[in-house]
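Topology and contacts: notes
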Amino acid sequence: PKRMIVVATTGVAAINAGGVTIHSFFQLPFGPVLPGHMMHREKESEKEFPGRQFSRQKREIIRTLDLLVIDEISMVRADMLDGVDEVLRRFCDPKLPFGGVQMLMIGDLQQLPPVVKQDEWEILRNMYTTPYFFGSHALAETNYVTIELQHVYRQSDAEFIRILNEVRDQNLSARSIELLNQRFQPGYTDEANEGYVILTTHNAPAQEINRSKLQRLPGKEHVFRAVVEGNFPEQMYPTDAILSLKKGAQVMFLKNDPSPEKLYYNGRIGIVEEMDDQSVFVLCEGDADVIEVKPAVWENISYSVDEKTKEIQERVLGTFSQLPLKLAWAVTIHKSQGLTFDKVIIDARAAFAHGQVYVALSRCRSLEGIVLSSELPMRSFKSDPELIAFHYEINRRMPDDAILREAKK
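Note that the structure is predicted; figures quoted are calculated from it, not measured.

**Thoughts on the overall build of the protein**
In terms of helices and strands, the protein carries 13 helices and 18 strands. Over its C-alpha trace the protein gives a radius of gyration of 23 Å, about what one expects of a compact globule, namely 22 Å for 409 residues. Summarising its shape, the C-alpha atoms of the protein cover approximately 65 × 55 × 45 Å along the three principal directions. Accessible surface, the protein: about 21300 Å² in total, of which carbon and sulfur atoms supply 52%. Side chains of the protein give 48 positive and 57 negative charges; the mean places of these two sets differ by 3 Å.

**Focus: the sheet that holds strand β1 (residues 4-8)**
Taken together, four strands build an open sheet; the order of strands is β2-β1-β3-β4 and the sheet is parallel. For this open sheet the edge positions go to β2 (20-21) and β4 (102-105), each flanked by a neighbour on one side alone. Pairing geometry for β1 and β2, over two bridges, is parallel. Within β2, the residue paired with valine 7 across the bridge is valine 20.

**Here's the deal with helix α13 (residues 401-408)**
For α13, the tally of buried residues reaches only zero of eight residues, placing the bulk of the element at the surface. Taking the backbone nitrogen of alanine 402 as reference, a side-chain oxygen 3.2 Å away marks aspartate 400 as the first, capping residue of α13.

**Description of the state of the cysteines**
One pass over the full model with this rule turns up zero disulfides. Cysteine 284 takes part in no disulfide bond, and the closest cysteine sulfur to it belongs to cysteine 364, at a distance of 16 Å.

**So, unusual backbone geometry**
Phi at glutamate 72 takes a positive value of approximately 55°, unusual for a residue other than glycine. Residue placement: glutamate 72 occurs in the loop between β3 (67-71) and α5 (78-91). For glutamate 72, a relative accessible area of 23% translates into the label partly exposed. In this structure, phenylalanine 98 is a non-glycine residue whose phi angle is positive, near 55°. On the secondary structure map, phenylalanine 98 appears in the loop between α5 and β4. Judged by its relative accessible area of 2%, phenylalanine 98 falls in the buried class.

**A few points about the packing of aromatic side chains**
The tally for this structure, following the rule as stated, stands at 11 aromatic pairs. Taking 5.7 Å as the distance between ring centres and 75° as the angle between the ring planes, the aromatic pair formed by phenylalanine 133 and phenylalanine 134 counts as edge-to-face. We note that phenylalanine 133, like phenylalanine 134, is buried. An angle of 5° between the planes, with centres 4.2 Å apart, marks the rings of phenylalanine 134 and phenylalanine 390 as stacked. Residue phenylalanine 134 is found in the loop between α6 (118-124) and α7 (137-140), and its partner phenylalanine 390 is found in helix α12 (residues 385-396); the two are separated by 256 residues along the sequence. For phenylalanine 390, a relative accessible area of 7% puts it in the buried group.

**Quick look at the sheet that holds strand β7 (residues 227-230)**
Across the sheet, three strands lie side by side as β7-β14-β13; this open sheet has antiparallel pairing. A single partner strand is all that each edge strand has here, and the edge strands are β7 and β13 (296-305). Within the sheet, the average angular offset between the axes of one strand and its neighbour, ignoring direction, is 25°. In terms of strand pairing, β7 meets strand β14 (residues 312-322) through four bridges, oriented antiparallel. By the bridge assignment for β14, valine 227 is matched with serine 321.

**Digging into the pattern of salt bridges**
Under the defined criterion, the tally for this structure stands at 19 salt bridges. Across the salt bridge formed by arginine 268 and aspartate 287, the nearest N and O atoms sit 3.0 Å from each other. Here the residue arginine 268 occupies a position in the loop between β9 (250-253) and β10 (269-275), and aspartate 287 occupies one in the loop between β11 (280-284) and β12 (291-293), the gap between them amounting to 19 residues. By relative accessible area, which is 29% here, aspartate 287 ends up partly exposed. Taken together, the shared-partner salt bridges in this structure form one network comprising Glu159, Arg162, Glu166 and Arg175.

**Concerning helix α8 (residues 158-168)**
Taken together, the buried positions of α8 are occupied by Phe160, Ile161, Ile163, Leu164, Glu166, Val167 and Arg168. A positive phi of about 55° marks glutamine 170, the residue just after α8.

**So, the environment of glutamine 111**
Within the secondary structure layout, glutamine 111 lies in the loop between β4 and α6. Distance from glutamine 111 to leucine 325, taken between C-alpha atoms, is 24 Å for residues 214 residues apart in sequence.

Procedures and definitions
For every chain, the first residue of its written sequence is number 1, and the numbers climb from 1 along that sequence. Residues qualify for local features only when their pLDDT is at least 70, as the model is predicted, and side-chain atom pairs are given and counted only at 80 or more; totals for whole chains, interfaces and linings, by contrast, use all residues. Calculation of side-chain values draws on the structure's entire complement of heavy atoms; hydrogens and water are dropped beforehand. Helix and strand definitions follow DSSP, with helices as H or I runs of at least four residues and strands as E runs of at least two, each counted in order from the N terminus. In this setup the radius of gyration rests on C-alpha atoms only. A globule is expected at 2.2 Å times the number of residues raised to 0.38. Computed by Shrake-Rupley with a 1.4 Å probe, the accessible areas treat only the displayed protein chains as cover when residues are assessed. Note that His is not counted, nor are the chain ends; the positive residues are Lys and Arg, and the negative ones are Asp and Glu. Positions of charges follow a simple convention, taking NZ of Lys, CZ of Arg, CG of Asp or CD of Glu. At least two bridges found by DSSP between two strands is the condition for calling them paired. A 1.4 Å probe rolled over the protein chains alone gives each residue an accessible area, and that area as a share of the maximum for its type sets the label: buried under 20%, exposed over 50%, partly exposed in between. Whenever a nitrogen or oxygen atom comes within 3.5 Å of another N or O atom, the pair is scored as a polar contact, on the condition that within protein one atom can donate a hydrogen and the other can accept it, and that pairs from neighbouring residues in sequence are kept only if both atoms are in side chains. In this description, a disulfide is simply a cysteine sulfur pair whose atoms lie within 2.5 Å. Aromatic rings from Phe, Tyr and Trp, with only the six-membered ring used for Trp, were paired whenever their centres fell within 6.5 Å, and each pair was classed as stacked if the ring planes differed by under 30 degrees, edge-to-face if by over 60, and tilted otherwise. Simply put, an axis is a line fit to the C-alpha atoms, just over the touching stretch for a helix, and the angle between two N-to-C directions goes from 0 to 180 degrees. Salt bridges are defined as contacts in which a side-chain nitrogen from Lys or Arg sits within 4 Å of a carboxyl oxygen from Asp or Glu.

Laid out in structure tokens, this is it:
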């Protein structure tokens, strides 16, 4: 029962993790965070915009904080983490990294990297050796431990897991490349093969595929509008506010089924069978019966401190209610993070950023479920020397049972 809060880099990741964005909670700028910048910014904002500095409520939350959880840590820049450190030192213990608050950072460095524009890196490169979170000066002051989760839940095929591990370790063998490229099927389309999801590198082709496929379906289009109550900013919407569907549309679930039956999960694919004003009936492959899908609710949460107990409480600022569905003939690799598919067509023609090949391949349960729309050249498996070096650091910092026992005390 620690007093804790959860933050993540993007609004959608924060909403899905039941937390708030790292920028909004710590009032970080969206550009580079320079050393001492947070303190200076507070003084300047108080002069120019009275009341913009940290509220009494937020100061109290930070002062009583035991544990800060940061989700999707691979997308957090080093300067952002130092900005968090500066705020925590200011309101907690100024002599200790992160103000003495316990930190739990969760993520997969082989997935998508932090976003750093060229002009931002020109400013930061004089202070940091790497934009990744592990370049943080505050983190370097801590004797952190790393725990690598070993159990693979999505895949069960030993050969496919071996290939994915080679991609992760940036040590892909010629044999594995050959096995992957056997999944290349020239001219293959999903027209006669329902249930395939096309993974694209960019948003525009994914939207265009979904739009054209919906238009080609016969029948009437049903429009479902989200109900937004309270404070729920548009950039944090977890799905389309206006969702257009037709009978026969391929859709993807965006939430896990909260009911005891657990009929669907985040990323499950199905076909729209029927609709009425309140519900959509979706049939998934392997199911005998349709699933009735009703609107789900996402919450935008803020934190406050109970004056009596000093416990940190969650307060719902606003809600977003919409069918937990989206059109899913095509999805961007970026949006597919965290999802699981049975059948994918990977459109690898556009240049891949580091991590995109791994994210795309690892979304699928099996190698047999993958179709490549073009062969994957060796150069598409971009290796990052900084990540290779950090991987050695991870192994060096793995705690043994004795260290964990001591830390638990």
